[in-house]
Amino acid sequence: MCGVFGAYSPRPEPLLEDVYLGLYALQHRGQESAGVAWINGDGMAKTVKGMGLVHDALNQHELSQQETRVAIGHVRYSTAGGSLAANAQPLVATYARGPVGIAHNGNLTNGKAIAQYLESRGAIFQSTTDTEVIIHLMAHQAHKPPLEALIGALRRLVGAYSLAVLLEDRLVAARDPWGFRPLVLGKRGDVTYIASESCALDIVGAELIRDVEPGEIVVVDEKGIRSLRIPVEPKRHFGCAFEYVYFARPDSIIDGRSVYAVRKELGRLLAKGSPCPGANLVTGMPDSGTLAAMGYAEESSIAYEKAIVRNRYVGRTFIQPTQRVRDLGVRIKLNPVPHLMEGKDVVVVDDSIVRGTTAQRIVTLMRGCGARNVHLRIASPPVRFPCYYGIDTPVSEELAAARMDIEGLERQVGACSLAYLREEDLFEAIGRGRNDVCTACFSGHYLEGKEIDHDLDL
Ligand SMILES: O=P(O)(O)OC[C@H]1O[C@H](OP(=O)(O)OP(=O)(O)O)[C@H](O)[C@@H]1O
Ligand SMILES: NC(=O)CC[C@H](N)C(=O)O
Ligand code: SF4
Ligand SMILES: [Mg+2]
């Protein structure tokens, strides 16, 4: 999952500082690289990118010295192509019709097929991301004006894309027809913003105007804001349920629904479906399990304690690219408060179990601190299938809930009991119907109707 951000002003301004701040607010969506791109006074596309977190990769002071009318930015969590400097985004190129820059959140399921087709006709790729195919598809339609070439490229894509695009001196936002990933529009005075999540608008003092609709292209230029459509009719919408469960920040609003409210509701419904009468306290796995734990505690009238402390200097562990770093991360990141554990029956709520790294470590530590019973409650259904749409859930063999049944997993993590949320409760908490939400990593029901399993590395 990545984060994208873009800004457009009718006159030159230090917009890159806003982009920097917006990316900072989207850091939870990608920790591997960060970058910005803008159009300078000569109409040329410029870019600064680096590996690591926003404050390591980019220099806020230097960026704040630049004035521009249009700029985009990206934080990356690699899902197609390795975690390399060459794959850092935004990707920028100058083709026959002028400069173009693209920041992409999501994953194309036909990216590899398109790349092979283009390579067989002489295209030379500079990166191994799926994102680059969009630029090549545009370059192959150089007879059309750039906006038409972009639309012509997008109509060939299948899968997930929420894009912030620099197109000459225009800012363009585009969201795939299935609406997998979030994308919002905001405004502060006459500056227009696009962002993966509304929390990035808040940080620059912009007001959330609305979501970019699935299948919509929003063009921002000197004429104002225009809305166009990607000419693809989706059979249904596929907004990612995992954004609400784990990925997005709780202060964001996605497709009109507060992530905070959804997470608390997930916890309440979990308590109704899988209660734990007699437990002494409920606690949440920081960070993303916290709100569901509060909802669980409220619904079951059991005291909520912040009984697992998070080391604030460690970021997200699940989105780290290797298992070694994930193991180390969980080790340093989370610790129970010993005196709250002694002789207690404790309910621990987490948002999800993916590989089982976090659950196993914490249950072991809690037991070591003297907890009598540890009941693990998960505020989403079991993750049994890989995601092909921009979250790097591993192949089925690495997914804890695909490798064993719930009793086996309960034994593996050492919990006294383990229970998951029901799928229908997930739809209820999100407030949308089965045909509006993607739950493929839980259900195995993919966009193309079957398990797609092609190697997405281009
Ligand atoms: O079963 P696993 O493979 O351990 O993956 C699941 C865990 O990973 C995520 O936490 P993460 O540390 O990434 O982020 P968070 O701080 O937002 O909870 C998620 O919230 C679970 O706690
Ligand atoms: N997770 C994402 O959104 C990643 C975007 C793109 N597929 C990449 O790997 O660079
Ligand atoms: S498969 Fe899971 S993580 Fe991927 S888009 Fe669907 S719900 Fe989200
Ligand atoms: Mg977590």
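Since the model is a prediction, treat every value here as computed from it, not as a measurement.

1. A short note on the side chain of Asp-221
Inspection of the secondary structure puts Asp-221 in strand 12 (residues 216-221). The exposure class of Asp-221 is buried, given its relative accessible area of 9%. Looking at Asp-221, its side chain comes within polar contact range of the main-chain nitrogen of Lys-223, at 2.9 Å.

2. Regarding the confidence of the model for the protein
When pLDDT is averaged along the protein, the result is 94, and 97% of the positions lie at 70 or above. Scored below 50 in pLDDT, residues 453-458 makes 18 contacts in the model with residues more than four places away or belonging to other chains.

3. Some remarks on the UniProt feature "active site" (unreviewed entry) in the protein
The residues that UniProt annotates with the feature "active site" (unreviewed entry) are Cys-2. In this fold, Cys-2 is placed in the segment before strand 1 (3-13). According to the relative accessible area criterion, Cys-2 is buried, its value standing at 5%. Not counting chain neighbours up to four residues away, the residues in contact with Cys-2 comprise Arg-29, His-74, Val-75, Arg-76, Tyr-77, His-104, Asn-105 and Ser-196.

4. Remarks on the layout of surface pockets
Estimates place the volume of the largest pocket at around 1,100 Å³. In terms of lining residues, the largest pocket is bounded by 42 residues, among which Asp-287, Arg-310, Gly-315, Arg-316 and Lys-333 are the most central. Broken down by secondary-structure element, the contributors of at least two residues to the lining of the largest pocket are helix 1 (15-25), helix 8 (241-247), helix 10 (290-300), helix 11 (323-333) and helix 13 (357-368). Counted by class, the lining of the largest pocket contains 18 nonpolar, 13 polar and 11 charged residues. Counting contributing residues, the lining of the largest pocket receives three or more from each of domain 1 (3-234) and domain 2 (262-431).

Conventions we followed
- Residues numbered from 1 in each chain as written.
- Chains lettered and ligands numbered in written order.
- Predicted model: local features only at pLDDT ≥ 70, side-chain atom pairs only at ≥ 80, totals over all residues.
- Heavy atoms only, no water.
- Helix = DSSP H or I, 4+ residues; strand = E, 2+ residues; numbered from the N terminus.
- Buried < 20%, exposed > 50% of the residue type's maximum accessible area, 1.4 Å probe, protein only.
- Polar contact = N/O pair within 3.5 Å; in protein donor to acceptor, adjacent residues only side chain to side chain.
- pLDDT = per-residue confidence, 0-100.
- Contact = heavy atoms within 4.5 Å.
- UniProt positions renumbered as here; feature names shortened; annotations may be inferred.
- 1 Å grid on protein atoms, 1.4 Å probe; cavity = no way out; pocket = protein on both sides within 12 Å on 5 of 7 lines; lining within 4 Å.
- Points joined across faces, edges and corners; volume = space filled by probe spheres on them.
- Nonpolar A, V, L, I, M, F, W, Y, C, P; charged D, E, K, R; others polar.
- Domains from an automatic or database assignment.

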